[in-house]
Amino acid sequence: MLATGLDLHASALGLPIGCQTWPVREMIAKDFPGTIKTLAQAGFQTIELCSPVGYADDGFAGLAKYKGGELKQILNDVGLTCFSSHFGIEELRKDQEDRIAWAKNVGLTQMLVPSLNGPKNPTLDDVKRSADEYNKMGEKAAQASIQQGLHNEDFELSKVDGQRTYDVLFGLLDPKLVKFQFQCSTISHGFDAAEYFTKYPGRFVSMHVQDWSAANQKIVPVGQGDLDWKKIFGAAKTGGIKNYFVEMNLDAMQASVPYLHHLKV
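Report follows, based on the coordinates. Residue indices follow the written sequence of each chain, beginning from 1 at its first position. The model is predicted, so local features are restricted to residues of pLDDT at least 70 and side-chain atom pairs to those at 80 or more, both for listing and for counting; the totals for chains, interfaces and linings are taken over all residues. Calculation of side-chain values draws on the structure's entire complement of heavy atoms; hydrogens and water are dropped beforehand.

### Quick word on the pattern of salt bridges
Right, so step 1: Any Lys or Arg side-chain nitrogen located within 4 Å of an Asp or Glu carboxyl oxygen qualifies as a salt bridge. Applying the stated criterion to the full structure yields seven salt bridges.
Right, so step 2: E97 is the salt-bridge partner of K140, the closest N and O atoms lying 2.9 Å from each other. Residue K140 is found in helix α5 (residues 124–143), and its partner E97 is found in helix α4 (residues 89–106); the two are separated by 43 residues along the sequence.
Right, so step 3: Measuring nitrogen to oxygen at the nearest pair gives 2.9 Å for the salt bridge that ties R99 to D98. Under the DSSP-based scheme used, a helix requires at least four consecutive residues in state H or I and a strand at least two consecutive residues in state E, with every element numbered from the N terminus.

As structure tokens, this is what we get:
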């Protein structure tokens, strides 16, 4: 029987077990309070949202109807917290002040973008332009006591002048203004979480957690694949990780909770 949220306390690193809400976006579009209750019953203690503006077409538009206090109450009623959300880079370009206002209203302290959305085959100038723009966004967010962060998706996995664009960005983005959120499943592209946390100490704020089966070439529940989670969480301390969010389909997320609950680092 799956443990409920009442049975579970902090897991590895003394951090609450978190999940990203993107995998349950269709459920959220139909019933946000009911979905949140399901996540809490699965044993999650904190969630990461997606913006109702940038992710309006993906099931999150309905979140806009809630005032910040109402949204927090829905979460609090089932014992969940939320300090982080994803925002599309385009919505920040259009009106970052408005998005910061929403984030503050909801009680967020972290605003992440999935990608800087640069070209597929960037030049170094392309990468510099993207980094300059995001540093400015990071500065605006910092003035509101919010940490801006960058996930590693399409653009960040590209190469520029023989180097990974992701690595180049570590040299261009201001360590105080922009932190990073590591997507563990990018191991399928050769991006090793523990390696990055060790190589760039203090540069990370969070990670998205998935396990990976090399034999089957697919994402699997945490603890059922090839990744060394003791090593990853151990290195996460060096990296500066403040929170982590499981991100897979609901069944796989639920199956990951007992492993994370008992993981000792």
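### Re the side chain of N243
Right, so step 1: By the secondary structure assignment, N243 is in strand β12 (residues 243–246).
Right, so step 2: Burial classes: relative accessible area under 20% of the type maximum marks a residue as buried, over 50% as exposed, and values in between as partly exposed (1.4 Å probe, protein chains only). Taking relative accessible area as the criterion, N243 reaches 10% and is therefore assigned buried.
Right, so step 3: Contacts were defined at the residue level, with two residues in contact if any of their heavy atoms lie within 4.5 Å. With sequence-adjacent residues up to four places away left out, N243 is seen in contact with L15, Q110, V205, S206 and M207.

### Comments concerning the pairing of strand β5 (residues 147–150)
Right, so step 1: The pairing criterion is simple: DSSP has to find at least two bridges between the two strands. As paired strands, strand β4 (residues 110–113) and β5 are joined by four bridges and run parallel to one another. Looking at the pairing, Q110 lines up with Q147 of β5.
Right, so step 2: The handedness of the β4 to β5 crossover, carried by α5, is right-handed. Note on handedness: a crossover is taken as right-handed if, strands pointing away from the viewer, the path from the first strand over the helix to the second is clockwise.

### Regarding the side chain of H151
Right, so step 1: Mapped onto the fold, H151 is located in the loop between β5 and β6 (159–160).
Right, so step 2: By relative accessible area, H151 is classed as buried at 0%.
Right, so step 3: Polar contacts involving the side chain of H151 include one to the side chain of Q181, which spans 3.0 Å.
Right, so step 4: Setting aside residues no more than four positions away along its own chain, H151 makes contact with H86, V113, P114, E156, Q181, Q183 and H208. N or O atoms closer than or at 3.5 Å make up a polar contact, with two conditions inside protein: a donor-capable atom paired with an acceptor-capable one, and, for residues adjacent in sequence, both atoms drawn from side chains.

### What to know about the sheet that holds β4
Two orientations exist for strands paired in a sheet by backbone hydrogen bonds: parallel and antiparallel.
Right, so step 1: Judged by pairing direction, the barrel is parallel, and its eight strands sit side by side in the order β1-β2-β3-β4-β5-β8-β9-β12 before closing back on the first. The sheet shows a mean angle of 30 degrees between the axes of neighbouring strands, taken without regard to direction.
Right, so step 2: As paired strands, strand β2 (residues 46–50) and strand β3 (residues 81–86) are joined by five bridges and run parallel to one another. Each residue of the ladder has a partner; that of I47, found in β3, is C82.
Right, so step 3: Relative to the sheet, α4 contacts β3, β4 and β5, its axis offset from that of β4 by approximately 165 degrees.
Right, so step 4: What counts as an axis is a line fitted to C-alpha atoms, over the stretch in contact for a helix, and the angles between N-to-C directions run from 0 to 180 degrees. Along the sheet, helix α8 (residues 229–239) contacts β9 (204–209) and β12; its crossing angle with β9, the most-contacted strand, is approximately 160 degrees.

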